[in-house]
Amino acid sequence: MKILNFNLRTQIIINLLMLMAVAIFTIGIVVVKVSENNMVNLKINNGKVLVSSLRSNIEVSYTGKEELDVSGIQKMIENFSSFGQVIEVVVVSKDYKIIVAKGSGKVGEFYEKKDRLVQTLNFGNDFFELKSDTDFWIFTRYESLSIVTPIKSGYTVMGGLKVTFPMDDLNSLIRRTHQLLLFFIFFYSLLLFAFGSYLL
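Attention here is on the structure that accompanies the text. Values in this document were obtained by computation on a predicted structure and should not be read as measured data.

1. Quick notes on the pairing of strand E2 (residues 98-102)
Next up, step 1: Pairing between strand E1 (residues 88-93) and E2: 4 bridges, direction antiparallel. Pairing of Val 91 across the sheet is with Val 100, part of E2.
Next up, step 2: Where E1 folds back onto E2 in an antiparallel hairpin, the turn is made up of 4 residues, including Tyr 96, whose phi is positive at roughly 70°.

Following this line, the structure appears as structure tokens:
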């Protein structure tokens, strides 16, 4: 078996090239994850603004009333859904009855899921839930974003609102970012090898 013997200069150049390649890859991954985190936070904040606006309109609609205005809320949900894609919109009264359902559940039934919406009815807190799955190593595929908020009259919880948004647009944007990252890693790796070959 032939053993390759490199002189000191060649070994130093090879080691430097390997370090530079690793550094480029690491920096690229960090930049992608930071930008991905910023995009996810922007999606969450935009969702919160939309849901908060819808909740405020619902709360105004029954100001001074003892029960939620079902027909009025249904019209609001229809208008809300027409402006953008939503997977699920559920409005539940304080006695856990579904009064508006889009995507899951039936109007008039009791809401039986033990999820964040039940916690909102019990404690009056806002929640959001981001479902995701790791596709390959560090690359994350986001499935849905659910935002849950209480419907209040003063300090009294009158019901709960849950809106679930799809994440297809975000996944598409992140996928393009990953493709761009792989292109630059490949491009700069070629430059490094070309430069290293010239030095050798």
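2. Quick notes on helix H3 (residues 116-123)
Next up, step 1: Where H3 is concerned, the buried positions are Leu 117, Val 118, Thr 120 and Leu 121. Along the long axis of H3, the arc covered by the buried residues comes to 155°, so they all point the same way.
Next up, step 2: You can read the cap of H3 off the contacts: a side-chain oxygen lies 3.2 Å from the backbone nitrogen of Leu 117, and it is on Asp 115.
Next up, step 3: Trailing H3 by a residue or two, Gly 124 shows a phi angle of about 75°, which is positive.

3. As for a nonpolar patch on the surface
Next up, step 1: On the surface, a nonpolar cluster with roughly 570 Å² of combined accessible area is contributed by Leu 180, Phe 183, Phe 184, Phe 187, Tyr 188 and Leu 191.
Next up, step 2: Secondary-structure assignment places Phe 187 in helix H4 (residues 168-199).

4. Description of the pairing of strand E5 (residues 156-166)
Next up, step 1: Judged by how many residues are buried, E5 sits mostly within the fold: 10 of 11 residues are covered.
Next up, step 2: Sheet topology places E1 next to E5; 6 bridges connect them, and they run antiparallel. What sits directly across from Glu 88, in E5, is Thr 164.
Next up, step 3: Taken together, strand E4 (residues 139-153) and the strand that follows it, E5, pair antiparallel across an intervening segment of 2 residues, in which Gly 154 is found at a positive phi of about 70°.

Calculation rules
Residues numbered from 1 in each chain as written. Predicted model: local features only at pLDDT ≥ 70, side-chain atom pairs only at ≥ 80, totals over all residues. Heavy atoms only, no water. Pairing = 2+ DSSP bridges. Helix = DSSP H or I, 4+ residues; strand = E, 2+ residues; numbered from the N terminus. Buried < 20%, exposed > 50% of the residue type's maximum accessible area, 1.4 Å probe, protein only. Arc of directions from axis to C-beta. Polar contact = N/O pair within 3.5 Å; in protein donor to acceptor, adjacent residues only side chain to side chain. Patch = residues over 30% accessible without salt bridge, like charges linked within 9 Å, V, L, I, M, F, W, Y side chains within 5 Å. Areas by Shrake-Rupley, 256 points an atom, 1.4 Å probe, with all protein chains shown as cover. Salt bridge = Lys/Arg side-chain N within 4 Å of Asp/Glu carboxyl O.

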